[in-house]
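Chains, contacts and geometry: an overview
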Amino acid sequence: LNAAASNGVAGRMTTFLRQQRFTCVDPETLSSTATRTLIYDFGDHPMTRQRLAEVLELDDTQIITELAARAPPQGRGVDLVVVLGSDVRDAWLVP
């Protein structure tokens, strides 16, 4: 989900993650913005979320497993959600 206030970021991130062999749904944009990129785990997927964090070079503080009411929408059949913040890195964005 794009919360980076930059057009096209979620689509390019989706392409990058698919190249890394992650299964992704179509990208969307949130109406709110975020400063940090976060991974939300809507179940118990420790191996996948750890691999995703390693690929994105995120630290443990950017992995959310205890979901609050302010969590992003999960979407049908979605286990993990990446919310892209303004800290998005060029290396993630495939043209």
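Now for a look at the structure at hand.

Criteria and thresholds
Residues numbered from 1 in each chain as written. Predicted model: local features only at pLDDT ≥ 70, side-chain atom pairs only at ≥ 80, totals over all residues. Heavy atoms only, no water. Pairing = 2+ DSSP bridges. Helix = DSSP H or I, 4+ residues; strand = E, 2+ residues; numbered from the N terminus. Buried < 20%, exposed > 50% of the residue type's maximum accessible area, 1.4 Å probe, protein only. Polar contact = N/O pair within 3.5 Å; in protein donor to acceptor, adjacent residues only side chain to side chain. Contact = heavy atoms within 4.5 Å.

**So, the sheet that holds strand 1 (residues 38-41)**
One open sheet holds the three strands; their spatial order is 2-1-3, and the pairing between them is mixed. Because the sheet does not close on itself, it has two edges, and the strands there are strand 2 (63-64) and strand 3 (80-83). Where strand 1 and strand 3 come together, four bridges link them in antiparallel fashion. Residue Asp41 lies in a different strand from strand 3, and its bridge partner there is Leu80.

**Let's talk about the side chain of Asp41**
Structurally, Asp41 is set in strand 1. In this structure Asp41 comes out as buried when scored by relative accessible area, which is 1%. Only 2.8 Å separates the side chain of Asp41 from the side chain of His45, close enough to count as a polar contact. Once residues within four sequence positions are removed from consideration, Asp41 is found in contact with Pro46, Arg49, Ile64, Thr65, Leu67, Asp79 and Leu80.

**Thoughts on unusual backbone geometry**
Notably, Arg21 is not glycine yet its phi reads approximately 75°, a positive angle. Along the polypeptide, Arg21 turns up in the loop between helix 1 (9-19) and strand 1. On the accessibility criterion, Arg21 (75% relative accessible area) is exposed. Non-glycine residue Glu57 carries a positive phi angle of around 55°. Along the chain, the position of Glu57 falls in the loop between helix 2 (46-56) and strand 2. For Glu57, a relative accessible area of 58% gives the class exposed.

**Some remarks on the side chain of Thr14**
Counting through the fold element by element, Thr14 comes out in helix 1. Leaving out residues up to four positions away in the same chain, Thr14 has contacts with Cys24, Val25 and Pro27.

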